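# Commentary on secondary and tertiary structure
Chain by chain, the residues:
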Amino acid sequence: MRSTAVYPGYARQTLIALRTIAWKETHRYLRIWLQTLLPPAITMTLYFVIFGNLIGPRIGPMSGHKYIEFIVPGVIMMSVITNAYMNVVSSFFGAKFQRHIEEILVSPTPNYTILVGYLAGGVGRGLLTGLIVTSISMAFTHIHIQHPLITISVAFLTALLFSLGGFINGIFARKFDDISIVPTFILTPLTYLGGVFYSIELLPGVWRELSLANPILYMVNAFRYGFLGESDIPIQTAYSIIIVFIIISVCLSLYLLRRGVGLRT
Amino acid sequence: MKALSLSKLNKLYASGVHALRDVDLVVNEGEFFGLLGPNGAGKSTIIGIISSLVRKTRGHVEVFGYSIDREPWQAKSLLGLVPQEFNFNSFETVSQIILNQAGFYGITRRAAHQRAEQYLTELGLWSRRNSVSRTLSGGMKRRLMIARALVHHPRLLILDEPTAGVDIEVRRSMWDFLRRINTEGTTIILSTHYLEEAESLCRNIAIIDQGQIIENTDVRSLLRKLTAQSFLLDIDGRLTDAPELRDFHVVPVDESCLEVEVRSDQSLNELFARLAERNVQVVSMKNKSNRLEELFIRMLERPSATHRKPAQVEKTA
Ligand SMILES: Nc1ncnc2c1ncn2[C@@H]1O[C@H](COP(=O)(O)OP(=O)(O)OP(=O)(O)O)[C@@H](O)[C@H]1O
Ligand SMILES: [Mg+2]
């Protein structure tokens, strides 16, 4: 929207609309907590039981830490990524499918407000799930968080980035299948190969190089650095990569909204 | 002041359908305007473009002088839309839907609650405010969409077939409601297939066919263009043959009912005089169809429809 910011009522409308969308999105995942918050809690508990308690002691230490301590940050990150992504993609595609996205499109709400509102839902659910999984992990091991600020900022930026990913996926999705393709074929493999369960130092040369092309590796490692003070890669590189991806995704989302891709015929 | 102005509006869908061809239309502030046309004529496409859900291929749209391209924020703020198809969240309650809509237009929560109560009460939905929207009946859903469209007090309200599938009683109360908000200052554009509705509500109408406006005038002058009307006469006794009436075209419908066509230069007195000459007693009489409907059908008769009567509508300049 051009040249509108000077009109009376613009700022107020935009703020109230933002609050409305953000609350609507938050309310949505809280209302259906059985589908949104409970499953990651159960799955991640199983990871801790199986990999941490049953198999972990046989594996021995990883990068100088007990195996369960090593996997806790990765497992938390995995749930942040999946939940942030799934929240936005399913909510936005659902709104398109049921056509109630039209309520917002017809209103004077600017595109960036729509985007921020949906991201608020994704980031909120991602972080809340992360918090739930962190609390569960306390039952299995006690970790003293080394750099809380890094831990929180990396979790926030990662949730933001994957919420953006979900938004872009939602824009392009035409049928329900389209919202599970990316999580199944891209997100899950990249997360598993992103050093959640192992240090890339264990990998032979070529595989280690290949792993470095996986952006999720940087997020998992930066987050682990926040927890344990230990990382396979430099922390600044991780921040730079996440921020560059965020900037690209924001620009792409706004461009797609402006063009009305998948929204206007 | 022009509430709406469309100029040279064109829409070519990706499928290749040329849905609108150079549509020009002006609706003045305060009007109750009817948009009529057969299925697939392009009514919803026009409405979709005005409300920015459909991208136009070419042309300009202004809402109260604000261009939807250059000043979308102002144009959208002044517009209320009741779409043809249900498009609310079927998991939300009636009041959530209204309150959210108010939020999208920047209305504070407090004002939103007041307005929700006002419009839901006026449209007979207040007792259903906590019902999940998918549990409403079809007619209630239509009314919910009207309440939703009004919550930000739009100056231009566009309704795309709002009374489709609504029972007669509710339809009439919706008419009264729309008439009232029009009198109170809201400009209304109504697309409908019920010509009785257009005749009763609208002062001006445009008829669109195959993406072009083929008529745009006030209802009275439009009805004056009806050069002939058909009447159905119930008669006393039984007929074996249709009576020959000088100057009138008579077709028997059954043994006690006749269809008679009366041109606008003929009077009903003449018709009754002829019938009296033939000793035909008329028990009751009615228009074969609503007058606007008749005109409409005649206007849309296409040359290809060979066995229909030729269109009896004066050409307009
Ligand atoms: N999304 C679309 N993609 C392709 N063609 C479309 C689309 N929407 C409408 N059309 C076509 O455009 C033409 C006009 O359709 P439109 O919905 O505007 O008609 P209408 O006058 O509202 O009809 P109705 O009275 O049935 O609602 C039709 O030929 C229709 O098939
Ligand atoms: Mg239509």
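In the block above lies the structure referred to throughout.
Presented here is a report on the structure given in the accompanying data block. Per-chain numbering applies: the sequence of each chain, read as written, is numbered from 1 onward. Here the convention is simple: chains get letters from A, ligands get numbers from 1, in the order in which they are written. Only residues with pLDDT of at least 70 are given local features in this predicted model, and only at 80 or more are side-chain atom pairs given and counted; all residues enter the totals for whole chains, interfaces and linings. Water and hydrogen atoms play no part in the side-chain values, which are based on all heavy atoms of the structure.

### Examining the overall build of chain A
Within chain A one finds 11 helices and zero strands. A run of H or I in DSSP counts as a helix once it spans at least four residues, and a run of E counts as a strand once it spans at least two, with each numbered from the N terminus. Seen in sequence order, chain A has helices and strands lined up from the N terminus as α-α-α-α-α-α-α-α-α-α-α. Radius of gyration here uses only the C-alpha atoms, and the compact-globule reference equals 2.2 Å multiplied by the residue count raised to the power 0.38. Taken over the C-alpha trace, chain A has a radius of gyration of 19 Å; the compact-globule value for 265 residues is 18 Å, and the two agree within 12%. Once the C-alpha set of chain A is aligned to its principal axes, its extents read approximately 65 × 35 × 35 Å. Note on exposure labels: buried denotes an accessible area under 20% of the residue type's maximum, exposed denotes more than 50%, and partly exposed covers the range between, all computed with a 1.4 Å probe on protein chains only. Within the span of chain A, comprising 265 residues, buried residues form 53% of the whole. Averaging the locations of the 18 positively and 10 negatively charged side chains of chain A gives two centres separated by 12 Å. Under the counting rule used here, the positive set is Lys and Arg, the negative set is Asp and Glu, and His together with the chain ends is not counted. To locate a charge, take atom NZ for lysine, CZ for arginine, CG for aspartate or CD for glutamate.

### Some thoughts on the coordination of the magnesium ion (ligand 2)
Residues and elements named next belong to chain B. Keep in mind that water is not among the atoms, so a site may look incomplete; donors are the N, O and S atoms within 2.8 Å of the metal, or 3.2 Å for Na, K and Ca. Every protein donor of the magnesium ion (ligand 2) is listed here as S44 (OG) and Q84 (OE1), and their distances to the metal cover 1.9 to 2.1 Å. Of this pair, S44 sits in helix α1 (residues 43-50) while Q84 is found in the loop between β6 (79-82) and α3 (94-104), placing the two residues 40 residues apart along the sequence. A residue is classified by how much of its surface remains accessible, and S44, at 30% relative accessible area, is partly exposed.

### Side note on the layout of surface pockets
Only protein atoms enter the 1 Å grid used here, on which a cavity is any set of points holding a 1.4 Å probe that cannot leave and a pocket is any open set flanked by protein within 12 Å on both sides along at least five of seven lines; residues with an atom within 4 Å of a point are listed as lining. Grid points are joined across faces, edges and corners, and a volume is the space filled by probe spheres set on the points. For the largest pocket, the calculated volume is near 940 Å³. R28, I32, T36, S90 and R125 of chain A are the residues nearest the centre of the largest pocket, which is lined by 41 residues in total. Elements with a minimum of two residues in the lining of the largest pocket: α1 (10-31), α2 (33-36), α3 (38-59), α4 (67-97), α6 (111-138) and α8 (178-192) of chain A together with α3 of chain B. In terms of residue count, α4 of chain A provides more of the lining of the largest pocket than any other element does, 11 residues in total.

### Topic: the packing of aromatic side chains
Each Phe, Tyr or Trp ring, with Trp reduced to its six-membered ring, pairs with another whose centre is within 6.5 Å; inter-plane angles below 30 degrees give stacked pairs, above 60 give edge-to-face pairs, and intermediate values give tilted ones. As enumerated under the stated definition, the model contains 14 aromatic pairs over all chains in all. For the pair F51 of chain A and F197 of chain A, a centre-to-centre distance of 5.1 Å together with 40° between the ring planes defines the contact as tilted. One end of the pair, F51 of chain A, is in helix α3; the other, F197 of chain A, is in the loop between α8 and α9 (205-211), with 146 residues separating them in the sequence. Measuring from centroid to centroid gives 4.5 Å for F92 of chain A and F167 of chain A, while their planes differ by 40°, and the two rings are tilted. Here the residue F92 of chain A occupies a position in helix α4, and F167 of chain A occupies one in helix α7 (residues 148-172), the gap between them amounting to 75 residues. Aromatic rings pair up to connect Y47, F51, Y192 and F197 of chain A into one cluster. Sitting above the plane of the F70 of chain A ring, R224 of chain A keeps its charged end 3.6 Å from the centroid. Remark: a charge is flagged as sitting over a ring if the NZ atom of Lys or the CZ atom of Arg is within 6 Å of the ring centre and within 35 degrees of the ring normal. Directly above the aromatic system of F86 of chain B lies the positively charged group of K141 of chain B, at a separation of 5.5 Å from the ring centroid.

### Examining the interface of chain B and chain A
Here, two residues are considered to be in contact whenever any of their heavy atoms come within 4.5 Å of each other. Each partner contributes residues to the interface: chain B has 33 residues there, and chain A has 32 residues. Carbon and sulfur atoms make up 51% of the area that chain B and chain A hide from each other, which totals about 3,100 Å². When the shortest N-O distance is used, the salt bridge between E85 of chain B and R99 of chain A registers 2.9 Å. Whenever two N or O atoms come within 3.5 Å, that pair is a polar contact, provided that in protein one can donate a hydrogen and the other can accept it, and provided that, for residues adjacent in sequence, both atoms are side-chain atoms. Our count for the contact surface shared by chain B and chain A stands at 16 residue pairs in polar contact (both at pLDDT 80 or more). Broken down by secondary-structure element, the contributors of at least two residues to the side of chain B that touches chain A are α2 (72-77) and α3 of chain B. What gets called buried area is simply the loss in accessible area from a 1.4 Å probe that two parts show on being joined, summed for both. The salt bridge criterion pairs a side-chain nitrogen of Lys or Arg with a carboxyl oxygen of Asp or Glu, the two atoms within 4 Å.

### Side note on the pattern of salt bridges
In the structure shown here, the tally under the stated rule is 14 salt bridges over all chains. In this structure, R155 of chain B and E29 of chain B form a salt bridge, with 3.4 Å as the shortest nitrogen-oxygen distance. In this pair, R155 of chain B sits in the loop between α5 (138-150) and β7 (156-160) while E29 of chain B sits in the loop between β2 (18-28) and β3 (32-36), placing the two residues 126 residues apart along the sequence. Note on R155 of chain B: relative accessible area 34%, which makes it partly exposed. Taking the shortest distance from any N to any O, the salt bridge between E122 of chain B and R180 of chain B comes out at 2.9 Å. Of this pair, E122 of chain B sits in helix α4 (residues 109-122) while R180 of chain B sits in helix α6 (residues 168-183), and the two are 58 residues apart along the sequence. Judged by its relative accessible area of 35%, R180 of chain B is partly exposed. When salt bridges that share partners are traced, they join R99 and E102 of chain A together with E85 of chain B into one network.

### Comments concerning the environment of P189 of chain A
Residues and elements named next belong to chain A. Summarising the element assignment, P189 is placed in helix α8. Judged by relative accessible area, P189 falls into the partly exposed class, the value being 32%. In sequence terms P189 and V250 are 61 residues apart; their C-alpha atoms lie 24 Å from each other.

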